[in-house]
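A closer look at the structure
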Amino acid sequence: MKWGYTKMIGSRITGKSRIIIIILSVILAGAALFLSIIRADAAQEDYGFRLRGEAVKLRGEDAYDVTIYAYSAKDFSGYVRMSVINNSSDSISYDTKISLPAGTEKSFTLRIPTVGYFNEEFETPLAILDNQKKELYTENAQVFLNVPTEPVRVGVYSSIYDKMSYLSLDGDKLARLNGDVPVETVDLSKANLNEELPALNYIVIDSYDTNLLAASDIAKIERFVSDGGILIIGTGANEGLSIKGFSKNFIDATISGRGVNTQLLNLETADIIYGYSYYYSGFGIDGYYKRVDKGVLYLASVSLGDKGLTENLGAPRYIKDLYDMTYNASSFYYDKNSSSVDYDSMTRFFEYIEGLKNIKIVGLKWLVVGYVLLIGPVLYLILKKFNRREYFWAVIPALTVIAVIVVMIFARRYKLSERNVASVSLASLDGDKIERTYAAAFSTRKGNISFETADDILGVGSIYNYSGRYNGRKNTTYGVTAEGNTLSLSHEGQNAFDKGYFVMQSENDASGSIKVELNKNFSAGRYGTITNYTEYDIDYYLVYMGNNYSIVKGAKPGESSDISKDLIYFGTYYLSGDSSYIPKAFENNDKADSSAVAALLFGMEELEADSNAFVIGLTGRHDRISRGDINELSYGLYYQYIEYQEDKVFDD
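Counting restarts for each chain: residues are numbered from 1 in the order of the written sequence. Given that this is a predicted model, residues contribute local features only at a pLDDT of at least 70 and side-chain atom pairs are listed and counted only at 80 or more, while totals for whole chains, interfaces and linings are drawn from all residues. Remark: hydrogens and water are excluded; side-chain values derive from all non-hydrogen atoms of the structure.

Another point: the overall build of the chain. Numbering of helices and strands starts at the N terminus; helices are DSSP runs of H or I of at least 4 residues and strands are runs of E of at least 2. Secondary structure summary: the chain contains twelve helices and 33 strands in total. Each residue gets one of three labels from its accessible area relative to the maximum for its type: buried under 20%, exposed over 50%, partly exposed in between, using a 1.4 Å probe on protein chains only. When each of the 652 residues of the chain is scored for burial, the buried share is 48%. As presented, the chain carries roughly 32,400 Å² of accessible surface, and 52% of it is formed by carbon and sulfur atoms. Calculation of accessible area relied on Shrake-Rupley with a 1.4 Å probe; when residues are assessed, cover is drawn exclusively from the protein chains displayed.

Laid out in structure tokens, this is it:
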């Protein structure tokens, strides 16, 4: 009866009544939503918050400085959050504790390494959070969209540098992919080349005897071009003065005479006999150019220090055309300062670096065998000898309890910590540049992990996932929280052992040197000595020269290693990422620890983009980047550029 009544009521609300009810429900729901939006807007207005952010790319450093300004109309204590959100796995949020007295604006600056990639496609909202991290206000800022572009930097070797101010275009700008950018020049010398080189886009050499440059400086300039830089050399009245110091392989050209260019300001010219693959350009200042790997070498037929240019108001236009022509012929803009480290290479290398050793249970096997023998024939023979076989029922349980306790004590060595960090820090021995630390953090019991860092961390970022492992999420999986001097990092993993990959920057202090002496029969890096003049016990060295590298046993401070006798591994570097497969060969090898080998090769992948000759010393007794109750395996890689000795590199 009840069922029939219910069914009858159901039939009554079909048709027009049901349509009316649906319409009323939609109207009521819309009104509720509208009121909630109004209330939310009113609540935000009541708080009186304002947020804005400005990002600046640091010259010569792979980092941004992001300054965030926060204002509150009322007294407020909580957090300001900046999120960098994309559709990949490296989205990250930065929470900074802040107190805002009523009617005040405060600012703070975040240092963000550029291993994460930022552009207008990324969402960078700013938000105000209360002390429970509940969001109170948001501002859809595009912090990185209008990042001021670094000036184009032109390094100049010239004895008349003061007369060549037109090289900076007298305030005119160059068109680049993200806007018009100014040009700055710097007077290069023996003293400042290392400091200035990483930030240079062009090098101009004119009215300068390059025989005065050290062979190592010449090698650095040649490498600069090979990596995508642009080298412009003036000749003209100076003839071959500025090309003398370079190798014949790099500049395969000779000066054969002189003349006058009547079309370009009557400048004195040099007649140059060019080698293979040079192309003539009359665009701007006459000359010939060729590609050198990613970069461009340009030999101008005139001296850029000629009075016809230095005293001519039209000179900036000519040099601007030359800048544009050589830029368009190079890949400098796309490749300079690019890091070889990405999400894929991190995962491959840290598979070995992270310190999860293979468990060797030989000792445990012997314990089990001993226990079986003890409670079997051994116990039987002992009790039989003393005619006490009736004690079997008591002795066996007692021995079993003892065996279980022994096994538990023995097995403690296999216990995995719940929270784990593996870190590799890369730092120049001469104290130059910033120390960069790469870290993988994971939990063995659950996906989420958080930990505090050391006090000297300047900046934190995540590792950009170049493969674009698309997950369609708009949430952040990495977090950075700053409360005073306390910095905490977190990663939201999906399950146990799900690792989060961070990159950190800190100040770098000078810590000694490593001396590499190669024999004349160097044979691609296998003969010579390495002396440790650092303050560290070096476990292993890696010597890299001309795509060949050797891994060698290390030494204590003041001691030397013989490359041929202490050689652990020799190889050739072909492509980025290939080296990540080598540590597997050392998993069950007594010659070296696979984790340390992986860390060395990881460092080589980073440095190879900057130099064709260097040495790395690895120490396993490095300062931790984490604090508190967390297991950390930390490696320090201390590197030093060395002179490339091409004549000593050959195959057996």
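Structure's up, so let's keep going.
Take helix H12 (residues 594-607) next. By definition here, a helix of n residues has an expected span of 1.5 Å times n minus one. In this model H12 runs 20 Å from its N-terminal to its C-terminal C-alpha over 14 residues, within 8% of the 20 Å that 1.5 Å per residue would give. Judged by how many residues are buried, H12 sits mostly within the fold: 14 of 14 residues are covered.

Any two packed helices are characterised by how steeply their axes cross, that is the angle between the axes, and by the distance between the axes. Convention adopted: a line fitted to C-alpha atoms gives each axis, helices being fitted over their contacting stretch, and angles between N-to-C directions are expressed from 0 to 180 degrees. Put simply, helix H8 (residues 343-353) and H12 touch, their axes get as near as 7 Å, and they point 150° apart. By the criterion of interaxial angle, the relationship of H8 to H12 is roughly antiparallel. Two secondary-structure elements touch here, H8 through Met346, Phe349, Phe350, Tyr352 and Ile353 and H12 through Ser594, Ser595, Ala598, Ala599, Leu601, Phe602 and Glu605. Angle categories are assigned with fixed cut-offs, so that under 35 degrees is roughly parallel, over 145 is roughly antiparallel, 65 to 115 is roughly perpendicular, and the rest are oblique. Contacts are assigned to residue pairs with any non-hydrogen atoms lying within 4.5 Å of each other.

Strand E21 (residues 457-462) sits mainly inside the fold: five of its six residues count as buried. Sheet topology note: the E21/strand E24 (residues 500-506) ladder contains five bridges and is antiparallel. Bridge pairing in E24 links isoleucine 457 to serine 506. Pairing between two strands is assigned when DSSP locates at least 2 bridges connecting them.

Note on ring pairs: Phe, Tyr and Trp rings are taken, using the six-membered ring of Trp, and paired if centres are within 6.5 Å. Classes follow the plane angle, with under 30 degrees stacked, over 60 edge-to-face and the rest tilted. Summed over all chains, the structure comprises 20 aromatic pairs. Judged by centre distance (4.7 Å) and plane angle (10°), the ring pair of tyrosine 544 and phenylalanine 614 falls under stacked. Residue tyrosine 544 is found in strand E27 (residues 540-545), and its partner phenylalanine 614 is found in strand E31 (residues 613-619); the two are separated by 70 residues along the sequence. In this structure, tyrosine 544 and phenylalanine 614 share a single accessibility class: buried. Members of the aromatic cluster, each reached through a chain of ring pairs, are Phe349, Phe350, Tyr438, Tyr501 and Phe602.

With that out of the way, let us pick up the pattern of salt bridges. When charged atoms on two side chains of opposite charge get close, those side chains can pair. Every case where a carboxyl oxygen of Asp or Glu lies within 4 Å of a side-chain nitrogen of Lys or Arg is listed as a salt bridge. For the coordinates displayed, the defined rule picks out 17 salt bridges. As a salt-bridge pair, arginine 111 and aspartate 65 come within 2.6 Å of each other at their nearest N and O atoms. Here the residue arginine 111 occupies a position in strand E5 (residues 104-113), and aspartate 65 occupies one in strand E2 (residues 63-72), the gap between them amounting to 46 residues. Between glutamate 418 and arginine 445 there is a salt bridge, with its nearest N and O atoms 3.9 Å apart.

This brings us to the sheet that holds strand E20 (residues 449-453). Judged by pairing direction, the sheet is mixed, and its eight strands sit side by side in the order E7-E6-E3-E4-E22-E23-E20-E32 without closing on themselves. Either end of the sheet is taken by a strand with one partner, and the two such strands are strand E7 (135-139) and strand E32 (626-627).

A word on the nonpolar core. Grouping buried Ala, Val, Leu, Ile, Met, Phe, Trp, Tyr and Cys residues that are joined through side-chain atoms within 4.5 Å yields what is termed a nonpolar core. Counting residues in hydrophobic clusters, the biggest one holds 83 residues, and the most contacted among them are Val66, Met82, Phe144, Phe350, Ile353 and Leu542. Take this core: its biggest share by element is nine residues, from H12. Leave out the neighbours within four places in its chain, and phenylalanine 350 touches Ala422, Val424, Tyr438, Ala439, Ala440, Tyr501 and Phe602. Listed in part, the 31 residues of the second largest apolar core include Val181, Ile285, Tyr289 and Val296.

Within the open sheet, the three strands sit side by side as E1-E2-E5. Their pairing is antiparallel. Each of the sheet's edge strands pairs with one partner strand only, and the pair in question is strand E1 (49-57) and E5. Averaged over all neighbouring strand pairs, the angle between strand axes comes to 20°, with direction disregarded. In this sheet, E2 lies alongside E1 in antiparallel orientation, the contact comprising nine bridges.

Below, the discussion takes up a negative patch on the surface. What makes a patch is a set of residues exposed beyond 30% relative accessible area and free of salt bridges, joined within 9 Å when like-charged and within 5 Å when nonpolar (Val, Leu, Ile, Met, Phe, Trp, Tyr). For the charge count, each Lys or Arg is scored as positive and each Asp or Glu as negative, with His and the chain ends excluded. Think of each charge as sitting on NZ of Lys, CZ of Arg, CG of Asp or CD of Glu. A grouping of Asp456, Glu507, Asp509, Glu535 and Asp623 is seen on the molecular surface, where their side chains present a negatively charged patch. Of note, glutamate 507 is situated in the loop between E24 and strand E25 (512-518).

In this model, the chain carries a mean pLDDT of 80, and residues with pLDDT of at least 70 account for 78%. For every residue, the predictor states its confidence as a pLDDT score lying anywhere from 0 to 100. Mean pLDDT values for the elements of the chain range from 30 in helix H1 (residues 2-12) up to 96 in strand E11 (residues 202-205). Within the model, the stretch residues 467-473 combines pLDDT values under 50 with 14 contacts to residues more than four positions away or in other chains.

The topology assignment puts lysine 57 in strand E1. Residues lysine 57 and valine 147, 90 residues apart in the sequence, show an inter-C-alpha distance of 7.0 Å. Setting aside residues no more than four positions away along its own chain, lysine 57 makes contact with Asp62, Ala63, Tyr64, Thr114, Val147 and Glu150.

Within the secondary structure, asparagine 495 is located in the loop between strand E23 (486-491) and E24. For asparagine 495, a relative accessible area of 45% gives the class partly exposed. Asparagine 495 sits 48 residues away from glycine 447 along the chain, and the two C-alpha atoms are 4.0 Å apart. Setting aside residues up to four positions removed in sequence, asparagine 495 forms contacts with Lys446 and Gly447.

Inspection of the secondary structure assignment puts threonine 437 in strand E19 (residues 435-443). Two N or O atoms form a polar contact when they lie within 3.5 Å of each other; inside protein one atom must be a possible hydrogen donor and the other a possible acceptor, and for residues adjacent in sequence the pair counts only when both atoms belong to side chains. A distance of 2.7 Å separates polar atoms of two side chains, one belonging to threonine 437 and the other to serine 425. Sequence-distant contacts of threonine 437, that is, excluding residues within four places in its chain, are made with Ser423, Val424, Ser425, Phe502, Val503, Met504 and Ile625.

Within the secondary structure layout, aspartate 130 lies in the loop between strand E6 (126-129) and E7. Of the buried charged residues, aspartate 130 lacks a salt bridge, with lysine 134 as the closest side chain of opposite charge at 5.8 Å. A distance of 2.9 Å separates the side chain of aspartate 130 from the backbone nitrogen of glutamine 132, its partner in a polar contact. In this structure the side chain of aspartate 130 is engaged in a polar contact, spanning 2.8 Å, whose partner is the backbone nitrogen of lysine 134. Excluding residues that lie within four positions of it along the chain, aspartate 130 makes contacts with Phe76, Gly78, Tyr79 and Leu136.

Our next topic: the environment of lysine 294. Tracing the backbone through its elements, the reader meets lysine 294 in the loop between strand E16 (287-292) and strand E17 (295-300). Among the residues examined, lysine 294 registers a relative accessible area of 38% and is labelled partly exposed. Considering only alpha carbons, one finds lysine 294 and phenylalanine 224, 70 residues apart in sequence, at a separation of 9.5 Å.

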